[in-house]
Every structure is written in C-alpha cells, then in structure tokens.
Amino acid sequence: MTKAVEIVKITKTFPGVKALSNVEMSVKTGEVHAIVGENGAGKSTLMKILGGVYRPDDGQILIHGKAVVIKDVSDSVECGISIIYQELNLMPELTVSENVFITELPKMKATGIVRRGELYRKTRALMERVNIELNPDSLVNDLSVSEKQMVEILKALSHDSSIIVMDEPTAALSNVEVSKLYSIIETLKARGKTIIYISHRLKEIFDIADRVTVLRDGSFVATKDIKSLTQDDIVRLMVGRSVENFYNRDHATFGDTVIEIDHLSCAPYFQNLSFSVRSGEVLGIAGLMGCGREELAKVLYGLLNRTKGRVLINGIPTEVRHPREALRAGIQFVTEDRKDSGIFPLMSVKENLSINIIKKLCNIFSLLINTEKENRLLESYTKFMNLKYASDSQRVMFLSGGNQQKVVLARALAGECRVLILLEPTRGIDVGAKAEIYDLLGNLAKKGIAVIMISSDLPELITQSDRVLVMFQGQITGLLERNEMDEERIMQYATGTHFGEGFTGGAL
Ligand SMILES: Nc1ncnc2c1ncn2[C@@H]1O[C@H](COP(=O)(O)OP(=O)(O)OP(=O)(O)O)[C@@H](O)[C@H]1O
Ligand SMILES: [Mg+2]
C-alpha cells in the first residue's frame, strides 16, 4: 500500500512548550489511522501543521510520496487535506449549503449573484454520496452540534480531499450519531479516502481504526496494528503506566439532605421534578439530548428562571436567579461547553482559577490581591489536577482541550462549594486525567459535597454515581439505586421504552 501521509521528524515549539519533538508518522492510503495521547500530547498541533495553521520549526511532510511545504490553509487544501477541527469552524448565520461551498460558491459571471438552484443541487448530490440528510437551506445556527459536524464533513468532501482528518469528532455526539459517523467513515474508506481520526474514546479506536499512533508529551511512542493491541496496551503506551482501578470509587456514607428540588418546572423544558441529594452523595443524571437535563442545571445555577416549584438548600427555600446568588448559596456549576461559557479564554490560568474567589484572595482592608495566596492556590491545583501549561500567565485558550476542562473544574472547586453540578465532566479528557477526575469526585463526596453529575457517558454514570436519575421529555422516568444500574435499563428509561411495546413517546 502506498503512503498517503509521511511525517518526518517534525518539531514545533510554542513559547515555553515543546509541543512536538521529532515526530515521525506514516499513514497508508485508504486506512483509518487513529492518533491517541493524553491531553496536551500534541495531537491537534500535529494536525494543525498538516492543515497549514502552524508552520513546523523543523521536519518534512510528504503527501502521496511527494515532499510538500504547507504554508497556509489553501496549500493544505491543494494537497488534498481536509481537517475537521476540535473546535468547529462554521459560519452560523449562513446556510448549510453556503457553508459547505463557502470558498467556491457557484455565481453568475456577470452579476456575481449566487446561483441558488445549483448550490442546492450540488449540496444534495454531495449528501447523497455519504447518506447525510440535512436541509441545505437550514441556517447553521439552528442545527444541533452533531448536524454541524455533518456540515464540516460535507465541507471536507466538497474539496474532494483524499485525506480527511477528524479531531475528536464524537466528543459532542450521542450513541446513535456516533454510529452514523461510523457509517460515513466506512463509506469514505470504501471510496479510497484516507482518514486520520483523533479520539479519547478508546472503544471507538477499536471499532473503526486499522492502525493507531500513540503520542506522549510531544513525542512519537509507537504505531501499531489495532488488532495486535488491547485497550490496556494503548493506555500503557499513552500514559507510560497502567491506569488501575480506573472505574472504582469509594462510596462515602451520606449525611443530611443538602439540596432538595421540589416540584420544579421550567416551561417548556421540564416539568414537576422532585428529588434531593445528600451530603456525600453523587447523583447521576442520564437522558438524551433535549430531555431537559441541561436546562435543569441552568435553573439550579440561576442561568434560567424556573416557572414553578422550589429549591431548598439545607432545608431553606433559596431563590437563585443569577449565578451570583448560586455562588453565594454554595452552588458551583461546571459546564461542558468550555469554549462558550466555561473559561475566560483570554485570561491566564491563574486568573481563571481565582476569579470566583477574588474577595477571599484580597488582603483585609485592601483591594489588592494577595499574590502569594493566589500563587499557592495555583500551585495546589496544578498539583492536585496534574495541570499542564507553560507558565502562570499562559492564556487558557492556548491550553490543550483537556487541560482547559481541568481549569474549569479547578476553578469551581476553589470557590465555596456545597453543591457541585457537573455537565459532561470528562468530555474530551484523556483516560489518565479521567481517572484523576474520578478520584477527585470521590474525595469531594467524602468531604460532604453533594454532587449532581449530568453525563452521556453511561459507564461513567454507572460507576461514579450513588443513584442515577433518568429523564425523558422533561420528566423523571426512573431513579435507579446502585444495584439497579445497567446501561440497558438506563437507555430504556431515557428513551421512554420502559413502558413496553406500543409506547410512542408523547407526554407522560
Ligand atoms: N497556540 C499555542 N500557543 C501556545 N501553546 C500551545 C498552542 N497550541 C498548543 N499549545 C501547547 O502545545 C501542547 C500540545 O497541545 P495540543 O493541543 O496539540 O494537545 P492535544 O494532544 O490535542 O490535547 P487534547 O487531547 O487535550 O486536545 C500543549 O501543551 C498546549 O498547551
Ligand atoms: Mg486536541
């Protein structure tokens, strides 16, 4: 088989960080080649070099056997490379078809007006080739994350690229959508395309990859046939040690009820929810996208207003109409959407950590921040969470995805915390860091914090929760104790199929 991509001794340094050092990798034509590695290992940087976003300091790239210099995005497109980045890159105010053909809109020669009909037909033809169904005229803004992902894929195909890179494409997809992506990848492969696939979900690597390359701390570790490996092997190659007891958590003994949700409604998202969480307890919340679980978190944190019902903290009815009031009540919220609401990308790691507790960091009688305290805070969290960054003043936007997530979590923990609400806490987080975060969760529960963890990762819910509450169409359909939790049962409650044959959805 010929080589689609050969990466020869590529090195890339950012101020203070050697992101890649002498990396070697070769991808065969027509294979699905996975890249794995811990957060910050250099995966995205390597792909951005292929995409012309960064120039390497040193090294060479060969595409289909020919040495190339990729100076910018158009060079990369010329080489037949298309990249779907971790952070999607679409124009929300344009339609699907306009996004897909953004660089080559069919226009009338004389007037420059876009030929709508042709644009529509071209987009449809492209969709048919890979069985994607979307309305070419929908605004991208109105699409779900997974649909946006599909648009990115169509965009990649519109250039008829021979090499398609997907950087964590499934991070925001549900199970059903992941299988859809798999079948698209199969179709692409059958058409002779070469796929480079980055994911933290090792199961996916085994599902679809032919070979896998492991990076660690910016260096090449190995390229192997997937058939010759077990998941443990990959983890060991990634972190240089085996991650033991990955899924075990000590279950703490519970104290008093910390937060009680009493007939809470937020029309039209959810109705009449009642449950409570005790001190030391991790309550998992499962449910498909759109079941109301995210809105529930937002109401508890004061980002959305409830329409009915009460929230009691330590038995006292508490009004939370703004995140400020939530923080005062000891409610912390860690969002999944770190790009939009989780972090302050332009601020440093240190500033991000201290922002919620600025008052505590200030010296009495003075408005100046006690930098010594601030530094101690940073140091303890860096160690606690194994944060990796170049310097205290490094802007968070330049951290790797997983390290950004850790900053968000650390920030919440640095504040006063009685109730911790987590939304997809380990999305995009590598296995090693995931184990660290689970450890952390266990410790927090032991300290008496009440944790509400909303997650789509069923193994995570089952292993980390003391109870799992399942939502479907804005209602609670099940509350499972530890001995009742299994993936199938949760899915039945989450899809409303626990009512038996004949249930067609609709209001309960
Ligand atoms: N533009 C930049 N400026 C400074 N440092 C950067 C920049 N981009 C990446 N880095 C650093 O380079 C290293 C590699 O980052 P990269 O994003 O490639 O990791 P990754 O393997 O994709 O991680 P993740 O799984 O978390 O997405 C990290 O230490 C990161 O902080
Ligand atoms: Mg990355």
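Here is a short report on the structure shown in this document. Given the structure is predicted, the values throughout are model-derived calculations rather than measurements.

Describing the overall build of the protein chain
Of regular secondary structure, the protein chain possesses 18 helices and 20 strands. Relative to the globule expectation of 23 Å for 508 residues, the C-alpha radius of gyration of the protein chain, 24 Å, shows essentially globular dimensions. A principal-axis box enclosing the C-alpha atoms of the protein chain has dimensions of 70 × 60 × 50 Å. Considering only contacts within the protein chain whose residues lie at least 6 apart along the sequence, 66% involve residues at least 24 apart. Entry remark: accessible area of the protein chain is about 23400 Å², with carbon and sulfur atoms responsible for 50%.

Things to note about the site of ligand 1
What surrounds ligand 1 is a group of 21 residues, the closest being Gly 40, Lys 43, Ser 44, Thr 45 and His 200. The contact in question runs from an oxygen atom of ligand 1 to an N or O atom on the side chain of Thr 45, over 2.6 Å. The fraction of the free accessible surface of ligand 1 (640 Å²) that becomes covered by protein chains is 91%. The set of elements that each furnish at least two residues to the shell around ligand 1 consists of strand E2 (17-28), helix H1 (43-50) and helix H15 (401-414). If you tally residues by element for the shell around ligand 1, the top one is H1, at three residues. Within the shell around ligand 1, the residues separate by chemical class into seven nonpolar, eleven polar and three charged.

Here we look at the packing of aromatic side chains
Summed over the entire model, instances satisfying the criterion amount to two aromatic pairs. When the ring of Phe 14 is compared with that of Tyr 54, the centres are 5.0 Å apart and the planes differ by 70°; the resulting orientation is edge-to-face. Within this pair, whereas Phe 14 is found in strand E1 (residues 3-14), its partner Tyr 54 is found in the loop between H1 and strand E4 (58-63), the two being separated by 40 residues in sequence. Taking 5.3 Å as the distance between ring centres and 50° as the angle between the ring planes, the aromatic pair formed by Tyr 301 and Phe 333 counts as tilted. Of this pair, Tyr 301 sits in the loop between helix H9 (293-300) and strand E14 (308-313) while Phe 333 sits in strand E16 (residues 331-334), and the two are 32 residues apart along the sequence. Note on Phe 333: relative accessible area 8%, which makes it buried. Of note, Lys 122 hangs over the ring of Phe 101, and the distance from its end group to the ring centre comes to 4.6 Å.

Remarks on the packing of helix H5 (residues 145-158) against helix H6 (residues 175-190)
For the pair H5 and H6, interaxial distance at closest approach is 11 Å and the crossing angle is 10°. Considering the angle they form, H5 stands roughly parallel to H6. Two secondary-structure elements touch here, H5 through Ser 146, Met 150, Ile 153 and Leu 157 and H6 through Glu 177, Lys 180, Leu 181, Ile 184 and Leu 188. For the contact of H5 with H6, a count of residues per class yields six nonpolar, one polar and two charged.

Section: the sheet that holds E2
The strand order across the open sheet formed by four strands is E2-E1-E4-E5, and the pairing between neighbours is antiparallel. Looking at strand neighbours, the two that pair on one side only are E2 and strand E5 (66-68), the edges of this open sheet. Ignoring strand direction, the axes of neighbouring strands in this sheet form an average angle of 25°. Where E4 lies against E5, three bridges are found, and the strand directions are antiparallel. Within E5, the position partnered with Ile 63 by the bridge is Lys 66.

Regarding the environment of Leu 288
Inspection of the secondary structure assignment puts Leu 288 in the loop between strand E13 (282-286) and H9. A relative accessible area of 35% places Leu 288 in the partly exposed class. As for Leu 288 and Arg 328, which are separated by 40 residues in sequence, their C-alpha atoms are 31 Å apart. When neighbours within four sequence positions are excluded, Leu 288 is seen to be in contact with Arg 293, Met 491, Ala 494 and Thr 495.

Remarks on the sheet that holds strand E15 (residues 316-317)
Strand order in this open sheet of four strands is E12-E11-E14-E15, and the pairing throughout is antiparallel. A strand with exactly one partner marks an edge of an open sheet, and here the two such strands are strand E12 (270-278) and E15. Relative to E14, strand E11 (residues 257-266) runs antiparallel, the two sharing five bridges. The partner of Ser 265 across the bridge, within E14, is Lys 308. Each of E11, E12 and E14 is contacted by H9, which is oriented at about 115° to E11, the strand it contacts most.

Observations regarding the pairing of E14
Sheet topology note: the E14/E15 ladder contains two bridges and is antiparallel. By the bridge assignment, Leu 312 is partnered in E15 with Pro 317. The hairpin turn running from E14 into E15, its antiparallel successor, is two residues long, and Asn 314 in that turn takes a positive phi close to 50°.

Section: unusual backbone geometry
Looking along the chain, the bond that leaves Ala 267 and enters Pro 268 is cis, with omega of 0°. Mapped onto the elements of the fold, Pro 268 is located in the loop between E11 and E12. A positive phi angle, near 50°, is found at His 64, a position not held by glycine. Although it is not a glycine, His 263 sits at a positive phi angle of roughly 45°. Here His 263 is to be found in strand E11.

Considering the environment of Ile 132
Locating Ile 132 in the fold gives a position in the loop between helix H4 (116-130) and H5. On a C-alpha basis, the gap between Ile 132 and Leu 181 in space is 9.5 Å, while along the polypeptide they are 49 residues apart. Once residues lying within four places of it in the same chain are set aside, the contact partners of Ile 132 are Met 127, Met 150, Ile 153, Leu 154, Lys 180 and Ile 184.

Description of the pattern of salt bridges
Per the stated rule, a full pass over the model turns up 20 salt bridges. For Asp 75, the salt bridge goes to Lys 71, with nearest N and O atoms at 3.5 Å. On the basis of relative accessible area, Lys 71 is assigned to the partly exposed category, the value being 49%. The residue Glu 152 makes a salt bridge to Lys 155 at a minimum N-O spacing of 3.9 Å.

Conventions adopted
Residues numbered from 1 in each chain as written. Chains lettered and ligands numbered in written order. Predicted model: local features only at pLDDT ≥ 70, side-chain atom pairs only at ≥ 80, totals over all residues. Heavy atoms only, no water. Helix = DSSP H or I, 4+ residues; strand = E, 2+ residues; numbered from the N terminus. Rg over C-alpha atoms; globule rule 2.2 N^0.38 Å. Contact = heavy atoms within 4.5 Å. Areas by Shrake-Rupley, 256 points an atom, 1.4 Å probe, with all protein chains shown as cover. Near = heavy atom within 4 Å. Polar contact = N/O pair within 3.5 Å; in protein donor to acceptor, adjacent residues only side chain to side chain. Nonpolar A, V, L, I, M, F, W, Y, C, P; charged D, E, K, R; others polar. Phe/Tyr/Trp six-rings, centres within 6.5 Å; stacked < 30°, edge-to-face > 60°. Buried < 20%, exposed > 50% of the residue type's maximum accessible area, 1.4 Å probe, protein only. Lys NZ or Arg CZ within 6 Å of the ring centre and 35° of its normal. Axes fitted to C-alpha atoms, helices over the stretch in contact; angles between N-to-C directions. Parallel < 35°, antiparallel > 145°, perpendicular 65-115°, else oblique. Pairing = 2+ DSSP bridges. Salt bridge = Lys/Arg side-chain N within 4 Å of Asp/Glu carboxyl O.

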